[in-house]
Amino acid sequence: MTRALNVRTETWPISGAFTIARGAKTEALVVVAEINDGAITGRGECVPYARYGETVAGVAAAIESMRGALADGLDRNALQGAMPAGAARNALDCAFWDLEAKTARRPVHALADLPEPRALVTAYTISLGTPEAMAAATALAATRKLLKIKLGGEGDVARIRAVRAAAPDAELIVDANEAWSPENLAENLSACAAAGVTLVEQPLPAGDDDALADTTRTIPVCADESVHDRASLGKLVGRYDAVNIKLDKTGGLTEAFGMAREAERLGFSLMVGCMVATSLSMAPAMLVAQRARVVDLDGPLLLARDRDNALRYQDSLVYPADAALWG
């Protein structure tokens, strides 16, 4: 079947600024892929990430390069071998799923033989800042059930204590974004344990995480930058307790489903995360998140506005997508 391709980039302003250990940004840059079979259009969204050598222009070009293959009948299964894991394949893979669902007039969860998705508790992210600034931001979100705290290395013990004081009842997870070192790992983990933190995400640089194998992990440690798709899982056994599945890393929903099954087989618990993006990025991830211990799909909440037919966020819950958005 001949299929046409449309690719565009979009800019979505962030409410304030989003700050992590690698820097701050005030807007989310996304790439949208649309696949049209002449009557029906399927959509997918991705976020190129410089940490993995991706650029908006490069990802858009990679998607464009598949135009001829799509015209020649490329399908979702063939796509998996035609492109590497990453943001570009994610946009196309999710567009294929959306197209298949709309063509069959059945939701994606039914096509994938999954139960109907339910609303889930999602984390809400507190950006990196001074202990005082983070405590103030945390106080405004203290009634949420789950908060994800961005840390950045030096001064993190004070940040952890300040945040816990501002939100005594919330479950806390922390994300160091590779900013800790083997030398301060034990001290920071101890401070997290004292504050009742329930998960620490990517404390060490991805290429320097051997030290985790020799560390007593009193708190579960979750891989993010160290894990991408199924092929990267094996070397994490013994170092990490959980893995963060993000569709922009796996290269789409198809690989994410397979990665979740393999991760569970290897004994990892699951976290499903996101980049700062619109509800179109979150919608497919909601299906993988149904089996996750930790869900972090708050990207749209960090934007100044979301797209039409957006996911519904109510208190700490995020609800599955309507077909008007995706799937």
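Residues numbered from 1 in each chain as written. Predicted model: local features only at pLDDT ≥ 70, side-chain atom pairs only at ≥ 80, totals over all residues. Heavy atoms only, no water.

Asks: Got a minute to help me understand the overall build of the protein in this structure?
Replies: Summing up its helical and strand segments, the protein has 11 helices and 14 strands in all. The globule rule puts the C-alpha radius of gyration for 327 residues at 20 Å, and the 19 Å found for the protein is close to it. Judged by the C-alpha coordinates and their principal axes, the protein covers about 60 × 40 × 35 Å. A burial count over the protein gives 54% of its 327 residues as buried. A fraction of 66% describes how many contacts in the protein between residues 6 or more apart in sequence connect residues 24 or more apart. When the accessible surface of the protein is totalled, it reaches about 13000 Å², and 50% of it is carbon and sulfur. Between the centroid of the 33 positive side chains of the protein and the centroid of its 42 negative side chains there is a distance of 4 Å. (Helix = DSSP H or I, 4+ residues; strand = E, 2+ residues; numbered from the N terminus. Rg over C-alpha atoms; globule rule 2.2 N^0.38 Å. Buried < 20%, exposed > 50% of the residue type's maximum accessible area, 1.4 Å probe, protein only. Contact = heavy atoms within 4.5 Å. Areas by Shrake-Rupley, 256 points an atom, 1.4 Å probe, with all protein chains shown as cover. Lys, Arg positive; Asp, Glu negative; His and termini not counted. Charge placed at Lys NZ, Arg CZ, Asp CG, Glu CD.)

Asks: Even after reading the chapter, I still don't get the layout of surface pockets, so can you show me in this structure?
Replies: Any space left empty among the atoms is revealed by the rolling of a water-sized probe across them. Computed from the structure, the largest pocket encloses a volume of approximately 540 Å³. Elements with a minimum of two residues in the lining of the largest pocket: strand S1 (4–20), strand S2 (23–36) and strand S6 (146–150). Among the elements that make up the lining of the largest pocket, the one with the highest residue count is S2 (five residues). (1 Å grid on protein atoms, 1.4 Å probe; cavity = no way out; pocket = protein on both sides within 12 Å on 5 of 7 lines; lining within 4 Å. Points joined across faces, edges and corners; volume = space filled by probe spheres on them.)

Asks: Help me understand the sheet that holds strand S14 (residues 317–318) in this model?
Replies: Strand pairing in a sheet relies on backbone hydrogen bonds. The paired strands run either parallel or antiparallel. Strand order in the open sheet formed by three strands is S4-S14-S13, and the pairing between neighbours is antiparallel. Of all strands in the sheet, those with a lone pairing partner are strand S4 (120–121) and strand S13 (313–314), marking the two edges. Sheet analysis places S4 next to S14, joined by two bridges and oriented antiparallel. Along S14, the bridge assignment pairs Val-121 with Leu-317. (Pairing = 2+ DSSP bridges.)

Asks: I keep staring at unusual backbone geometry and nothing clicks. Help me out?
Replies: Glycine aside, residues mostly have negative phi angles, and peptide bonds mostly take the trans form. Notably, Gln-202 is not glycine yet its phi reads approximately 40°, a positive angle. Judged by its relative accessible area of 0%, Gln-202 is buried. With a phi close to 55°, Asp-315 is a non-glycine residue in the positive phi region. The topology assignment puts Asp-315 in the loop between S13 and S14.

Asks: Just to check I follow, could you spell out the sheet that holds strand S3 (residues 41–46) for this structure?
Replies: Overall, antiparallel pairing links the three strands, which are arranged S1-S2-S3 in an open sheet. Bordering the open sheet on either side are S1 and S3, each of which pairs with just one other strand. Strand-to-strand twist in this sheet, taken as the mean axis angle between neighbours without regard to direction, amounts to 20°. Looking at chain direction, S1 and S2 are connected through 13 bridges and run antiparallel. For Trp-12, the partnering residue across the bridge sits in S2 and is Ala-28. Each of S1, S2 and S3 touches helix H4 (residues 87–104); the most contacted strand, S3, lies at about 150° to it. (Axes fitted to C-alpha atoms, helices over the stretch in contact; angles between N-to-C directions.)

Asks: How do you make sense of the side chain of Arg-43 when you look at a structure like this?
Replies: Checked against the element boundaries, Arg-43 lands in strand S3. Although Arg-43 is buried, it forms no salt bridge, and the closest oppositely charged side chain is Asp-98 at an N-O distance of 4.9 Å. (Salt bridge = Lys/Arg side-chain N within 4 Å of Asp/Glu carboxyl O.)

Asks: What am I meant to see in the state of the cysteines here?
Replies: Under the definition given, this model contains zero disulfides. No disulfide involves Cys-222; its sulfur sits 13 Å from that of Cys-274, the nearest cysteine. (Disulfide = S-S within 2.5 Å.)

Asks: Is there a simple way to explain the pairing of strand S11 (residues 269–272) in this structure?
Replies: Regular strands place side chains that alternate from one sheet face to the opposite one. Direction of pairing for strand S10 (residues 242–245) relative to S11: parallel, over a ladder of four bridges. Paired with Ile-245 across the strands is Val-272, a residue of S11. Here S11 runs beside strand S12 (residues 294–295); their pairing, made up of two bridges, is parallel. When the sheet's bridge partners are listed, Met-271 is paired in S12 with Val-294.

Asks: Just checking my understanding: could you explain the pattern of salt bridges for this structure?
Replies: Pairing between side chains of opposite charge can happen when their charged atoms approach one another. Counted according to the given criterion, the structure contains 22 salt bridges. Between Glu-34 and Arg-8 there is a salt bridge, with its nearest N and O atoms 2.9 Å apart. Taken together, the residues Glu-34 in strand S2 and Arg-8 in strand S1 connect sequence positions 26 residues apart. Within the structure, one salt-bridge network assembled from shared partners comprises Arg-8, Glu-10, Glu-34, Glu-45 and Arg-307.

Asks: Please clarify how the environment of Val-237 should be interpreted in this entry.
Replies: Mapped onto the secondary structure, Val-237 falls in the loop between strand S9 (221–223) and S10. Through-space distance from the C-alpha of Val-237 to that of Ala-165 is 34 Å; in sequence the pair is 72 residues apart. Among residues more than four places away in sequence, those in contact with Val-237 are Leu-266 and Phe-268.

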